[in-house]
Amino acid sequence: MEIPDILNEDEIRNNLKTEWNGREIHYYRETDSTNIRAKELAKAGASHGALIVAEAQTQGRGRLGRVWESPKGEAVYMTTLLKPQIQPIEASMLTLVMALSLARTFQELYGLEAGEHGIQIKWPNDIVLQKKKITGILTEMSADIDRIHYVIIGTGINVNNRKIQEELQEKATSLFLGTGKKLKRSQVIGKAMEYFEQDYQKFMESHDLKFLKEDYENFLVNKDVQVRVLDPKGEYNGIARGINDKGELLIEKDGRIITVYAGEVSVRGMYGYV
Ligand code: BTN
């Protein structure tokens with residue numbers, strides 16, 4: 001018999017084994033966007049590690065101002081609020097930390113391997129299964145020049161979706177469609193919070209990805225693969241060789257290594273979405 005996938009505050013709490021991450025929960029049956037809620041809650045004094053979850057969003061947003069369709073019932077829409085004592089310039093790495101934590105989560109819960117036959121990360125932070133996107137992350141920050149007020153990491157995960165909207169079917173899938181396995185969304189959220197708590201700790205030890213780089217690279221879809229770098233100053237092709245401690249993508253071009261910053265340029269596979 002199928003387990004009912006009910007998502008509410010109690011369900012989330014019952015699946016949480018963390019010390020601080022996700023301990024303050026704000027659950028909405030419907031809201032505009034968990035990122036918008038997170039910003040409001042941050043201003044109102046919500047704590048480091050607060051977790052905002054919605055069953056449905058009416059103004060879900062993706063990167064580059066795109067719409068993130070957010071119907072109820074099958075997917076996860078959540079945002080983690082952080083108040084890290086790091087420099088504003090270091091904050092973009094947190095998006096890679098979250099991508100790694102989510103990749104580990106799917107690997108463990110769905111019994112998948114890291115790499116081509118399982119879970120992959122498309123730099124910097126899309127998570128991919130069978131060459132199709134299953135998760136997107138939108139990180140936003142409020143800061144002065146030398147001090148962060150807060151960072152919010154919004155995550156949309158296609159967990160139990162039985163169908164992907166027609167225009168996205170070439171590029172996106174869900175964990176259920178890719179594996180045939182249906183899990184409770186609260187279990188996925190709980191495990192993701194647990195891994196993120198551990199990975200965040202490692203990030204804070206060095207304020208960079210030194211202790212996470214190797215694990216991240218194990219999931220990296222672009223490693224040793226030809227990519228096209230969509231640099232606003234001029235597009236070019238190269239071979240992605242991995243990331244450095246700052247999370248920048250290393251591109252080999254004409255025998256030289258060029259570093260590519262997340263947020264500044266995007267990288268596209270030469271064949272299809274990845
Ligand atoms: C992307 O474009 O890949 C990022 C998508 C991020 C979507 C999530 S869903 C939860 C949070 N709230 C939003 O409005 N966006 C993020």
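Conventions and cut-offs
- Residues numbered from 1 in each chain as written.
- Predicted model: local features only at pLDDT ≥ 70, side-chain atom pairs only at ≥ 80, totals over all residues.
- Heavy atoms only, no water.
- Phe/Tyr/Trp six-rings, centres within 6.5 Å; stacked < 30°, edge-to-face > 60°.
- Lys NZ or Arg CZ within 6 Å of the ring centre and 35° of its normal.
- Near = heavy atom within 4 Å.
- Polar contact = N/O pair within 3.5 Å; in protein donor to acceptor, adjacent residues only side chain to side chain.
- Areas by Shrake-Rupley, 256 points an atom, 1.4 Å probe, with all protein chains shown as cover.
- Helix = DSSP H or I, 4+ residues; strand = E, 2+ residues; numbered from the N terminus.
- Nonpolar A, V, L, I, M, F, W, Y, C, P; charged D, E, K, R; others polar.
- Contact = heavy atoms within 4.5 Å.
- Pairing = 2+ DSSP bridges.
- Axes fitted to C-alpha atoms, helices over the stretch in contact; angles between N-to-C directions.
- Domains from an automatic or database assignment.
- Buried area = accessible area lost by both parts, 1.4 Å probe.
- Salt bridge = Lys/Arg side-chain N within 4 Å of Asp/Glu carboxyl O.
- Core = buried A, V, L, I, M, F, W, Y, C linked by side-chain atoms within 4.5 Å.
- Buried < 20%, exposed > 50% of the residue type's maximum accessible area, 1.4 Å probe, protein only.

Turning our attention to the packing of aromatic side chains. Counting across every chain of the model gives two aromatic pairs. Among the aromatic side chains, those forming a connected cluster through ring pairs are W20, F196 and Y200. Cation over ring: R162 sits above F176, and NZ or CZ is 5.1 Å from the ring centre.

Around the ligand lies a shell of 20 residues, among which S33, Q57, R61, R63 and K133 are the nearest. K133 is positioned with one of its side-chain polar atoms (N or O) 2.6 Å from an oxygen atom of the ligand. In isolation the ligand exposes 420 Å². Once the protein is present, 98% of that is buried. Elements represented by at least two residues in the shell around the ligand include exactly α2 (34–43), β3 (76–82), β6 (132–143) and β7 (148–157). If you tally residues by element for the shell around the ligand, the top one is β6, at four residues. Among the residues forming the shell around the ligand, the class breakdown is five nonpolar, eleven polar and four charged.

Tracing the sequence through the fold places T155 in strand β7. What T155 contacts, discounting residues up to four positions off in sequence, is V76, Y77, M78, M98, L102, T135, G136 and I137.

Read across the open sheet, the seven strands follow the order β1-β2-β3-β7-β6-β5-β4; overall the sheet is mixed. Each of the sheet's edge strands pairs with one partner strand only, and the pair in question is β1 (25–28) and β4 (119–122). Taking the axes of each pair of neighbouring strands and ignoring which way they run, one obtains an average angle of 20 degrees across the sheet. Where strand β5 (residues 126–129) meets β6, three bridges bridge the pair, whose relative direction is antiparallel. Paired with V128 across the two strands is K133, which belongs to β6. Each of β1, β2 (51–54), β3, β6 and β7 is contacted by α2, which is oriented at about 155 degrees to β7, the strand it contacts most.

Let us look at the domain arrangement of the protein. Domain assignment breaks the protein into domain 1 (9–217) and domain 2 (222–267). Each of domain 1 and domain 2 has a C-alpha centre, and the two are 24 Å apart. Counting the surface lost from both domain 1 and domain 2, the interface buries some 1100 Å², and carbon and sulfur atoms represent 61% of this. Where domain 1 meets domain 2, there are zero salt bridges. In this structure, the connection of domain 1 to domain 2 is made through four residue pairs in polar contact (both at pLDDT 80 or more).

In this section: the nonpolar core. Grouped together as the largest cluster of nonpolar side chains are 60 residues, with contacts concentrated most on M78 and F106. Both domains that meet at this core, namely domain 1 (9–217) and domain 2 (222–267), each give it at least three residues. Those residues within four positions of F106 in sequence are excluded, and the remaining contacts are G111, L112, I119, I127, I134, T135, I157, L175 and V188. Core analysis: the next-biggest nonpolar cluster, separate from the first, contains nine residues, A38, L81, Y150 and I152 among them.

This brings us to the pattern of salt bridges. Under the counting rule described, the total for this entry stands at 18 salt bridges. Taking the shortest distance from any N to any O, the salt bridge between R104 and D199 comes out at 2.9 Å. In this pair, R104 is assigned in helix α3 (residues 93–110) and D199 in helix α5 (residues 185–206), connecting sequence segments 95 residues apart. For E108, the salt bridge is made with K191, and the minimal N-O distance between the two is 3.3 Å. Remark: K191 occurs in helix α5 and E108 occurs in helix α3; sequence separation between them is 83 residues.

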